[in-house]
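Overview (structure and organization)
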Amino acid sequence: MTEPAETYDHAGKPVKHGRARVNGIRLYYITAGQGPALLLLHGTPKNSFYWYKLFPLLTEHFTLVAPDLRGFGYTDKPPATEGYNSAENAKDVTELMTQLGHETFYLHGEDRGADYAVAVAGLYRDRVLKLSFCEMVPSGLGLEETSFWTPENVTRQFRKEGIWCWHLGFFWIPHVPEMLIAGHEREFWEMFIKQECYNPTKIEPHALSHWIESGFKNGEINQEIAKNKLTLPIMTIGAPEFFGPQVEESILRMAEKVERSEIFEECGHSLALEAEDRLATLLRSFMLGTKD
C-alpha cells in the first residue's frame, strides 16, 4: 500500500475532506480556497486526487470543490441498475454544491467528467455560470463513433486529428474485461493512462498507485440538451494526442457558440497533470475575466 494521497492549497495547507449524502449515495469530496466556487469533475480512471497539481494554482482565486464521482475513489459504488448515467451524476454533484452553500458556480470537466459537466449545465441551467469542457466528445453526439474499428479512426489518431477510443467497445463486452484485467490492474491502467499522454513521465507513481488502489443512458440526455442548446459561456480545450479539435466541433452540437477554444500543443489527455500551469491560467482568465 502507498501512503495516503493528500492535496494542498496555495498556502501549503491540506484541503478539507468530506462526505455528503446526496441522491441516495455517500459522495466523497475535497474542498479548499476562497472566492467564487469552481466545481471540478474528473474522468476515467481517476478521482478527486487527479486535481492535486491544480489546487495550489487556483485556491487563491476560487473555492474549489472536487468530488469522487459515483463508482470512483471513496464515493459509494451502487449497482449499475441504480444508474451511472449523466443525469444521476449531474444530480449527485449539484446536490453536493447545494449542501456546501454554492447556489451558483463555475464548472470544469475533463474526459467523462466533461460529459457530466455538460449534463449539469443543461439540466441545471440557473446554477452554472460558465462551463469549461475539455478533452471529450459528448456521448450520443460523436463519442460512440470514435470507438469504431475502422481504418479512418486508426489513421486519424496518427495524424493527430482525433482519437480512436478502442476501449469503449472493449469495456462494453460483458465479463471479458474483468477476466482479462484481474491480477493485472496496475499494468493495464498504467498503460491506459500513459498511452493518453504526450509526456508519460508526468504521471507520477504515487498518483497512479492511489487511483488503482481506490478503485474505479448518457447519449439520450445529451441529445435532449442539444434540442435546446446551451447559451452560457463555454471554453473548450483539446490536446493533439487525444481529442484535439474534435472537442470544439462536438460541443457546438449542444451549444449556440464557444466563447473560447484552445489546443494544448505538446500535451496529452490529462490536462491537469501534463499542463497544469496553462490550464490554471486559462481557467482564471475565462472564468474571472483576468488577463492570461
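Before reading on, note that the structure itself is shown above.
An account of the accompanying structure is given in this report. Fair warning: this is a prediction, and the values are worked out from it, not measured in the lab. (Residues numbered from 1 in each chain as written. Predicted model: local features only at pLDDT ≥ 70, side-chain atom pairs only at ≥ 80, totals over all residues. Heavy atoms only, no water.)

A word on the overall build of the protein chain
Inclusion rule: Runs of E in the DSSP output that reach at least two residues are strands. Runs of H or I that reach at least four are helices, and both are numbered from the N terminus. Three exposure classes are used, based on accessible area relative to the maximum for each residue type with a 1.4 Å probe and protein chains only: buried under 20%, partly exposed in between, and exposed over 50%. All accessibility values rest on the Shrake-Rupley procedure with a 1.4 Å probe; residue burial counts only the protein chains present in the view.
The helix and strand inventory of the protein chain stands at twelve helices and eight strands. The burial tally for the protein chain puts 55% of its 292 residues in the buried class. As presented, the protein chain carries roughly 13,000 Å² of accessible surface, and 52% of it is formed by carbon and sulfur atoms.

Quick look at a positive patch on the surface
Let me state the cut-off plainly: Each patch is built from residues that are more than 30% exposed by relative accessible area and take part in no salt bridge. Like charges join if they lie within 9 Å; nonpolar side chains (Val, Leu, Ile, Met, Phe, Trp, Tyr) join within 5 Å. By definition, a salt bridge exists where a carboxyl oxygen of Asp or Glu is found within 4 Å of a side-chain nitrogen of Lys or Arg. Just so you know, the count uses Lys and Arg for positive and Asp and Glu for negative, and it drops His and the chain ends. Taken as the charge centre is NZ of Lys, CZ of Arg, CG of Asp or CD of Glu, depending on the residue.
A cluster of basic residues, R19, R21, R26 and K77, forms a positive patch on the protein surface. Among the structural elements, R19 can be located in strand β1 (residues 16–22).

Quick notes on unusual backbone geometry
Cis geometry marks the peptide bond from T44 to P45; its omega dihedral reads 0 degrees. Turning to its location among the elements, P45 is positioned in the loop between β3 (37–41) and α1 (55–58). Backbone geometry at N23 places phi at a positive 50 degrees, although glycine is not the residue there. By secondary structure assignment, the location of N23 is in the loop between β1 and β2 (25–33). At E135, a position not held by glycine, the phi torsion is positive, near 50 degrees. Mapped onto the elements of the fold, E135 is located in the loop between β6 (128–134) and α4 (151–158).

Quick look at the environment of P36
Which entries qualify depends on this criterion: By definition in these notes, contact holds between two residues if any of their heavy atoms fall within 4.5 Å.
Residue placement: P36 occurs in the loop between β2 and β3. For P36, the residues in contact, after removing those within four places along its chain, are H61, F62, T63, Y106 and L288.

Side note on helix α3 (residues 112–123)
One turn of the α-helix equals 3.6 residues, which is why residues spaced by three or four share an orientation. Threshold: The span one expects for a helix is its residue count, reduced by one, times 1.5 Å.
With twelve residues, α3 should cover 16 Å at 1.5 Å per step; its first-to-last C-alpha distance of 17 Å lies within 8% of that length. Across the twelve residues of α3, eleven count as buried, placing the element largely inside the fold.

What to know about helix α12 (residues 276–288)
Given a rise of 1.5 Å per residue, 13 residues ought to cover 18 Å, and the 18 Å separating the end C-alpha atoms of α12 matches this to within 8%. Taken together, the buried positions of α12 are occupied by E276, L279, A280, L282, L283, S285, F286 and M287. Looking one or two residues past α12, G289 carries a phi angle of roughly 80 degrees, positive in sign.

A closer look at the packing of aromatic side chains
The condition that has to hold: Each Phe, Tyr or Trp ring (for Trp, its six-membered ring) is paired with any other whose centre lies within 6.5 Å, and the angle between the two planes then decides the class: stacked below 30 degrees, edge-to-face above 60, tilted in between.
Tallying each qualifying case throughout the model produces five aromatic pairs. Considering the side-chain rings of Y50 and W51, the 4.7 Å spacing of their centres and the 70 degrees angle between planes classify their relative orientation as edge-to-face. When sorted by exposure, Y50 lands in the same class as W51, which is buried. Considering the side-chain rings of F242 and F243, the 5.0 Å spacing of their centres and the 85 degrees angle between planes classify their relative orientation as edge-to-face. Each member of the pair, F242 as well as F243, carries the same accessibility label: buried.

A closer look at the sheet that holds strand β8 (residues 260–263)
Picture the strands of a sheet paired through backbone hydrogen bonds; they go either parallel or antiparallel. Filter applied, for reference: Here, strands pair whenever DSSP counts at least two bridges between them. Convention adopted: a line fitted to C-alpha atoms gives each axis, helices being fitted over their contacting stretch, and angles between N-to-C directions are expressed from 0 to 180 degrees.
The sheet built from eight strands is open, its strands ordered β1-β2-β4-β3-β5-β6-β7-β8 with mixed pairing. A strand with exactly one partner marks an edge of an open sheet, and here the two such strands are β1 and β8. Neighbour-to-neighbour, the strand axes of the sheet open up by a mean angle of 20 degrees, direction not taken into account. Relative to strand β4 (residues 63–67), β2 runs antiparallel, the two sharing five bridges. Of the residues in β4, the one forming a bridge with Y29 is P67. The sheet strands contacting helix α2 (residues 86–99) are β1, β2, β3, β4 and β5 (105–110), and the helix crosses β1 at an angle near 115 degrees.

A look at the side chain of N47
We count it as follows: Here a polar contact means two N or O atoms within 3.5 Å. Within protein one must be a hydrogen donor candidate and the other an acceptor candidate, and residues neighboring in sequence count only if both atoms are side-chain atoms.
Within the secondary structure, N47 sits in the loop between β3 and α1. Its relative accessible area of 1% is what places N47 among the buried residues. In this structure the side chain of N47 is engaged in a polar contact, spanning 3.0 Å, whose partner is the backbone nitrogen of F49.

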